[in-house]
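In case you want the letters, here they are:
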Amino acid sequence: SMSFKKNGVAWILFNFVVLAIAGALLRYMHCFSLPVSINYQFLLHSHSHFAFAGWMFLAIILLLFYHFKNEYQLSQITYNRIFVATLLVSLGMLVSFFLTGYKTISIILSTSFIFIGYWAVFVAFKSNTVKPSKSSPVSVLLKSALFFMVISSLGPFGLGYLKSIPFKSLALQQNAIYFYLHFQLNGFMQLALLGLLFKSYFKSMSSFNKSDVFWTKLLVVSTLPMYAIFTLWHKPATWVYILAFAGALVHFIAWCMLLYKLRKDLKPLSFLARASLLAVSLQFFFQLLVTIPAIGNWVFGSRNLIVGYMHLITLGSLSPIILDLLTRAGFIKRSLRLNYAFIIFTALYLVLLFGSGFLTLFKIHVPNLAFYLLATNLLLALVALAYFINYAVSNNVLFQNKNTL
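Analysis parameters
Residues numbered from 1 in each chain as written. Predicted model: local features only at pLDDT ≥ 70, side-chain atom pairs only at ≥ 80, totals over all residues. Heavy atoms only, no water. 1 Å grid on protein atoms, 1.4 Å probe; cavity = no way out; pocket = protein on both sides within 12 Å on 5 of 7 lines; lining within 4 Å. Points joined across faces, edges and corners; volume = space filled by probe spheres on them. Helix = DSSP H or I, 4+ residues; strand = E, 2+ residues; numbered from the N terminus. Axes fitted to C-alpha atoms, helices over the stretch in contact; angles between N-to-C directions. Parallel < 35°, antiparallel > 145°, perpendicular 65-115°, else oblique. Left-handed = near helix turned anticlockwise from the far one by under 90°. Contact = heavy atoms within 4.5 Å. Nonpolar A, V, L, I, M, F, W, Y, C, P; charged D, E, K, R; others polar. Expected span 1.5 Å × (residues − 1). Buried < 20%, exposed > 50% of the residue type's maximum accessible area, 1.4 Å probe, protein only.

Digging into empty space enclosed by the protein
Tallied over the full model, the rule gives one cavity of 30 Å³ or more. The space that makes up the largest cavity amounts to roughly 60 Å³. If you go around the largest cavity, the residues you meet are Phe57, Phe113, Ile114, Gly117, Tyr118, Met149, Ser152, Ser153, Tyr180 and Gln184. Taken together, the elements giving at least two residues each to the lining of the largest cavity come down to α4 (104-126), α5 (137-152) and α7 (170-201).

Re the packing of helix α9 (residues 238-262) against helix α10 (residues 271-290)
Contact geometry for α9 and α10: axes closest at 8 Å, N-to-C directions at 155°. When the interaxial angle is binned, α9 and α10 end up roughly antiparallel. Handedness of the crossing formed by α9 with α10: left-handed. Within the contact between the two elements, α9 uses Phe245, Ala248, Leu249, His251, Phe252, Trp255 and Leu259 and α10 uses Leu277, Val280, Ser281, Phe284, Phe285, Gln287 and Leu288. Within the contact of α9 with α10, the residues separate by chemical class into eleven nonpolar, three polar and no charged.

Digging into the packing of helix α6 (residues 154-164) against α7
Relative orientation and spacing of two packed helices are given, respectively, by the angle between their axes and the distance between those axes. The geometry of α6 relative to α7 is characterised by a closest axis approach of 7 Å and an angle of 165° between their N-to-C directions. Classed by the angle they form, the pair α6 and α7 counts as roughly antiparallel. Our pair here, α6 against α7, has a crossing hand that is left-handed. Contact with α6, carried on its side by Leu154, Gly155, Pro156, Leu159, Leu162 and Lys163, involves Leu172, Gln173, Ala176, Ile177, Phe179 and Tyr180 of α7 and no other residues of that element. Among the residues forming the contact of α6 with α7, the class breakdown is nine nonpolar, two polar and one charged.

A word on α5
Residues spaced three or four apart along an α-helix point in a common direction, a consequence of the helix completing one turn every 3.6 residues. Between its terminal C-alpha atoms α5 stretches 22 Å, which fits the 22 Å expected from 16 residues at 1.5 Å a residue. A large share of α5 lies buried, amounting to 13 of its 16 residues.

Rendered as structure tokens:
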């Protein structure tokens, strides 16, 4: 049933374009006033929820199915249902958050998204997707990723509870949101995509040894204490700083060791794969720096640095892996020009965000920064559109199979 997958990929790339446009619109609102009134906060929620559900989660589901359908008899029908449910809920959230913010419909949809996640985890474990005979870096990463997805949902449920009790601690509410973000991004999405990346690039799936698995497990386990980093913004007790530092240090060392040990087992990496691994390495290094109070306190006060960090993960490490794996699976035609453009504009965007945040230390303000960020964002939206058009043209997606998703 290639037509379904063809349209599945078309939807994922279409969502990528919508996401980039929403991002550009947010940037536009920093520079110019709009003829119609749009609530910035609503659009921001819409953009971030859609990024998680409509772009990253949807792509991970498709890639998991692609890589494991033959090994574990994953049912095409079940998979289709999960895909379509995710697609509908993510498009629903895109609209509901944009129009109403955190109101009833948005809450129902975002809760449904959590339950779709549970469903996907259940299906993956039931069909043995993540129980290969021998423990390998890939199986460790994928199993843990699914575990972290389930764990992450404690954040929103905790938030719901915190909002319902008379004593309203805003710090606790914020930490519940960060709990979700950390275990979704650094737990579920990053580990799942790294697992899929290794799966795709391993020369042979039997070539690893015990120490590869050990470092992978250490990388995974250190994700738990690393949540402490996300609570440092309100200057907690000293032991929390120590826990955050220890978690980030172990995480960074495990990652470096893993890359070092796997270097011979991997096929030559594509440009996108290299770029994403560099972004992951930078991210893990920055996380370590932030646990130093003098640096952390400055970082948490800078909106650009926080936005930069989020996009270092989403645009720098996760999106290139998605695009690379879709290419390697033969869904997208390889286009070096587009890949280079995507990485260059992403790098430019991150340099503007991190650079401007860094310069504020010296009381230097970049003139016209908002405009440069908007321009870069528009370029990224054009690249996303080019990926979609490139795909649609080479697969005739827009002109047939209108009845199937």
